Amino acid sequence: MTYTASVVGASGFTGGELLRLLDGHPEFEVAQATSRSYERKTVGHQHPNLREMDLRFTDPGELESVDVLFAATPHGVSMERIDAFQEAADTVVDLSADFRLGSEKQYDEWYDGHTRPELLADAEYALPELNRDNLAGADLIASGGCNATATILGLKPLFDAGILSGDEQVVVDVKVGSSEGGAGGGAASSHPERSGIVRPYAPTGHRHEAEIEQFLGLSVSFTVHAVDMTRGAAATCHVFPDGPVKKKELWGAYRDSYGDEPFVRTVAGGGGVYRYPEPKAVAGTNYGEVGFELDPGNRRLVVFSAIDNMMKGSAGQAVHAANVALGIEETAGLEFQGLHPVGAP
């Protein structure tokens, strides 16, 4: 069976990734790609890797009827246009932050409020490793934030195995690439300013903390740095468990959580150059890598995770969730294994 799909906000980085994935997907046919700024221009005009697509951007105010609508719009747009989105499509997958959190109170605290709080309970979080059972048949899906996704993937096995309860101290440091700022960018994203940096841009109070707290029940000390790479998010979590932990327990925890997951690989101190998770190793793919190391002298556990922020942290996660929701083979359209060697991810 073929499902028709549209991408709203298709001229941005994430919109382009959605078009790339859907164009190569065996079960999807891209019917519409919208862009207010590039209306009537070809998709290849904005996304040179997609020059072979016979498709032009159209006005986002004139939505076609499709099976699935992917909204790659800035925060605040989807909540205002959700009625039009749901009228146009049976399934809506939103890649903004508009439906990730479960209550109006959270949006008042972390964002600027919410205009459609009555729909929050209907939305399902897109990360299949966390919410697979609830995604089947879902008609409103909220793709997770990239920094939250990386952190949740790294820490989740510790909760699954009872190594963490949620009361422990956890310090999270995330390094992210420039594509996280979107195609619009700004002064801080220009190449001369971005090149060579390790810049703290959210030392405290990053909005993705709300997702981590909601889905893991854990309050973390969270800091994000912008670094000199294009694609990728790498989280290093410093965990201080209440009691001693053996490496054998950690291997068991990560195998139990991810042994059957098609898109999570455990990389923890093996041989070779890539001994721990690195964004470069998953660039362009829907894979997430997780790993760990013990520091018994300081009673500390260090957890590493790496994703491509535009794939596992956005477009890839959205397509993966849509596959689950529609009963399509989970890995369909997401089989790309990445490249080695590659340049900056």
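Calculation rules
- Residues numbered from 1 in each chain as written.
- Predicted model: local features only at pLDDT ≥ 70, side-chain atom pairs only at ≥ 80, totals over all residues.
- Heavy atoms only, no water.
- Helix = DSSP H or I, 4+ residues; strand = E, 2+ residues; numbered from the N terminus.
- Rg over C-alpha atoms; globule rule 2.2 N^0.38 Å.
- Buried < 20%, exposed > 50% of the residue type's maximum accessible area, 1.4 Å probe, protein only.
- Contact = heavy atoms within 4.5 Å.
- Areas by Shrake-Rupley, 256 points an atom, 1.4 Å probe, with all protein chains shown as cover.
- Lys, Arg positive; Asp, Glu negative; His and termini not counted.
- Charge placed at Lys NZ, Arg CZ, Asp CG, Glu CD.
- Salt bridge = Lys/Arg side-chain N within 4 Å of Asp/Glu carboxyl O.
- Pairing = 2+ DSSP bridges.
- Axes fitted to C-alpha atoms, helices over the stretch in contact; angles between N-to-C directions.
- Phe/Tyr/Trp six-rings, centres within 6.5 Å; stacked < 30°, edge-to-face > 60°.
- Lys NZ or Arg CZ within 6 Å of the ring centre and 35° of its normal.
- Right-handed = clockwise from strand over helix to strand, strands pointing away.
- Expected span 1.5 Å × (residues − 1).
- Arc of directions from axis to C-beta.

Participant: Please clarify how the overall build of the protein chain should be interpreted in this entry.
Facilitator: A tally of helices and strands in the protein chain yields 10 helices and 14 strands. The C-alpha radius of gyration computed for the protein chain amounts to 20 Å, which stays within 12% of the reference 20 Å derived for 345 residues, consistent with globular compactness. Judged by the C-alpha coordinates and their principal axes, the protein chain covers about 60 × 45 × 40 Å. Looking at the 345 residues of the protein chain, the share that counts as buried comes to 54%. Once local pairs closer than 6 in sequence are excluded, the contacts in the protein chain between residues at least 24 apart make up 68%. Carbon and sulfur atoms make up 46% of the accessible area of the protein chain, which totals about 14800 Å². Side-chain charges of the protein chain comprise 27 positive and 50 negative groups, with the mean position of each set lying 8 Å from the other.

Participant: Looking at this structure, I do not really get the pattern of salt bridges. What am I missing?
Facilitator: Oppositely charged side chains can form a pair if their charged atoms are brought close together. Tallying each qualifying case throughout the model produces 15 salt bridges. Close ionic contact of Arg-300 with Asp-295 constitutes a salt bridge, the shortest N to O distance being 3.0 Å. Judged by relative accessible area, Asp-295 falls into the buried class, the value being 16%. Sharing partners across several salt bridges, the network here consists of Glu-17, Arg-20, Arg-231 and Asp-308.

Participant: Explain the side chain of His-320 to me, please; I cannot follow it from the model alone.
Facilitator: Here His-320 shows up in helix α10 (residues 311-326). When sequence neighbours within four positions are dropped, the list of residues in contact with His-320 reads Pro-128, Glu-129, Arg-132, Phe-263, Asn-286, Lys-312, Glu-330 and Leu-334.

Participant: Help me out: how do you make sense of unusual backbone geometry in this one?
Facilitator: Glycine aside, residues mostly have negative phi angles, and peptide bonds mostly take the trans form. Here His-340 and Pro-341 are connected by a cis peptide whose omega angle stands at 0 degrees. When you line up the elements, Pro-341 lands in the segment after α10. A positive phi angle is found at Arg-299, which is not glycine, with a value near 50 degrees. Among the secondary structure elements, Arg-299 is positioned in the loop between β13 (288-295) and β14 (300-307).

Participant: Is there a simple way to think about the sheet that holds strand β12 (residues 264-266) in this case?
Facilitator: Strand pairing in a sheet relies on backbone hydrogen bonds. The paired strands run either parallel or antiparallel. The seven strands are arranged β9-β10-β8-β11-β14-β13-β12 in an open sheet whose pairing can be described as mixed. Looking at the sheet topology across the chains shown, the edges are occupied by β9 (198-202) and β12. For this sheet, the mean inter-axis angle between neighbouring strands, taken without regard to orientation, is 20 degrees. Bridge count between β12 and β13: three bridges; the pairing is parallel. Counted as the bridge partner of Arg-265 is Glu-289 from β13. Its contacts with the sheet put helix α6 (residues 146-160) on β8 (169-176), β9, β10 (221-227), β11 (233-240), β12, β13 and β14, and the angle it makes with β14 is roughly 135 degrees.

Participant: Would you explain the packing of aromatic side chains in this entry?
Facilitator: In this description, a pair of aromatic rings is defined by centroid distance and the angle of the planes. The final tally for this structure, using the stated rule, is nine aromatic pairs. Consider the rings of Phe-28 and Phe-70, whose centres lie 6.2 Å apart with planes at 75 degrees: the pair is edge-to-face. Taken together, the residues Phe-28 in strand β2 (residues 28-34) and Phe-70 in strand β4 (residues 66-71) connect sequence positions 42 residues apart. On the basis of relative accessibility, which here comes to 0%, the residue Phe-70 falls in the buried class. Consider the rings of Tyr-125 and Phe-215, whose centres lie 4.0 Å apart with planes at 25 degrees: the pair is stacked. Taken together, the positions of Tyr-125 in strand β6 (residues 124-125) and Phe-215 in helix α8 (residues 209-216) put the pair 90 residues apart, joining distant regions of the chain. The exposure class of Phe-215 is partly exposed, given its relative accessible area of 25%. Taken together, the ring pairs connect Tyr-3, Phe-28 and Phe-70 into an aromatic cluster. Across the ring face of Tyr-287, the terminal group of Arg-265 is positioned such that the distance to the ring centre comes to 4.5 Å.

Participant: Mind showing me how you'd approach the pairing of strand β1 (residues 3-8) here?
Facilitator: In regular strands, side chains alternate between the two faces of the sheet. For β1, the tally of buried residues reaches five of six residues, placing the bulk of the element in the interior. Bridge analysis of β1 against β2 gives six bridges, and the strand direction is parallel. Residue pairing for β2: Tyr-3 is matched across the bridge by Phe-28. In this fold, β1 hands off to helix α1 (residues 13-23), which returns the chain to β2; that crossover is right-handed.

Participant: Would you take a moment to explain helix α9 (residues 247-258) for this structure?
Facilitator: When the terminal C-alpha atoms of α9 are compared, their 16 Å separation across 12 residues agrees well with the 16 Å that a helix rising 1.5 Å per residue should span. Of all the residues in α9, the buried ones are Leu-250, Ala-253, Tyr-254, Ser-257 and Tyr-258. Seen from one end, α9 has its buried residues packed into an arc of 100 degrees, which puts them on one side. Pointing more than 90 degrees away from the buried face of α9 are the exposed residues Lys-248, Arg-255 and Asp-256. Packed against the buried residues of α9 are α5 (128-135), α6, β12, β13 and β14.

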